[in-house]
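Single-letter residue listing:
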Amino acid sequence: MTGRTTRGVLASAIASASSAMTEEPSKRALSYLRVSSSAQADKDYDSEGYSLPAQRAACARKAAALGAEVIEVFVERGESGTSTRRRTALTAMLARLGEGDIDYVIVHKVDRLARKRADDSAILEAIRNAGATLVSVSENIDETPSGMLLHGIMASIAEFYSMNLAAEVMKGTSEKARRGGTPN
């Protein structure tokens, strides 16, 4: 190649790369954020506390790293992960997935979605059936065999944590009652 041709090819490559960097992300994502108690959500006169903004920012960074745009954020303020029945934001997110135009569902951690393995499995199935991929900011889960194993382990840990916490609370409440205190 001549110097002129080389410069032309180089200029074209630079222009193409520059154009690609300024284009809108081609992938679309939803984020799901959750805190377990309203006390976590209401801190220092802030209706979101500390955890929700931190989760939101981490999910946005992950989306950017994936080349995706978060088009909607679903926030559960003060809802336990042990049940999916009262989680209206989760229900709304799963319904939104039904439109079929979402590539990723981004969560800070797997335990934000569920604290029961059966619920985690059902939610993951709904995400996959909608053609999307679940992405965790904190855990390296993906569709590889090792990523799926890690997801299963993290879901089991979340369930254990919830069950163990309930057992410890019951133990403390029982001891308080044994000593003459009121359970609540």
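Residues numbered from 1 in each chain as written. Predicted model: local features only at pLDDT ≥ 70, side-chain atom pairs only at ≥ 80, totals over all residues. Heavy atoms only, no water.

Chemist: Got a minute to help me understand the environment of Ile153 in this structure?
Modeler: Turning to its location among the elements, Ile153 is positioned in helix H6 (residues 145–178). Owing to a relative accessible area of 40%, Ile153 belongs among the partly exposed residues under this scheme. On a C-alpha basis, the gap between Ile153 and Arg117 in space is 9.6 Å, while along the polypeptide they are 36 residues apart. (Helix = DSSP H or I, 4+ residues; strand = E, 2+ residues; numbered from the N terminus. Buried < 20%, exposed > 50% of the residue type's maximum accessible area, 1.4 Å probe, protein only.)

Chemist: Before we go on, may I ask you to explain the pattern of salt bridges in this structure?
Modeler: Working definition: two side chains of opposite charge can pair if their charged atoms are close together. Counted under the stated rule, the structure contains nine salt bridges. The closest approach of N and O atoms between Arg96 and Asp101, which form a salt bridge, is 2.7 Å. Relative accessible area serves as the criterion here: at 11%, Arg96 is assigned to the buried category. Given a relative accessible area of 27%, Asp101 falls into the partly exposed group. Within the structure, one salt-bridge network assembled from shared partners comprises Arg28, Glu72, Arg96, Glu99 and Asp101. (Salt bridge = Lys/Arg side-chain N within 4 Å of Asp/Glu carboxyl O.)

Chemist: I'm lost on the sheet that holds strand E4 (residues 133–136) in this one. Help?
Modeler: Hydrogen bonding along the main chain pairs the strands of a sheet, whether they run parallel or antiparallel. Read from one edge to the other, the open sheet built from four strands follows the order E2-E1-E3-E4, with strand pairing classed as parallel. Edge positions in the sheet fall to strand E2 (68–77) and E4, since each of these pairs with one other strand and no more. This sheet shows a mean twist of 25° between the axes of neighbouring strands, independent of strand direction. Bridge analysis of strand E3 (residues 104–107) against E4 gives four bridges, and the strand direction is parallel. Looking at E4, one finds that Val105 is bridged to Leu134. (Pairing = 2+ DSSP bridges. Axes fitted to C-alpha atoms, helices over the stretch in contact; angles between N-to-C directions.)

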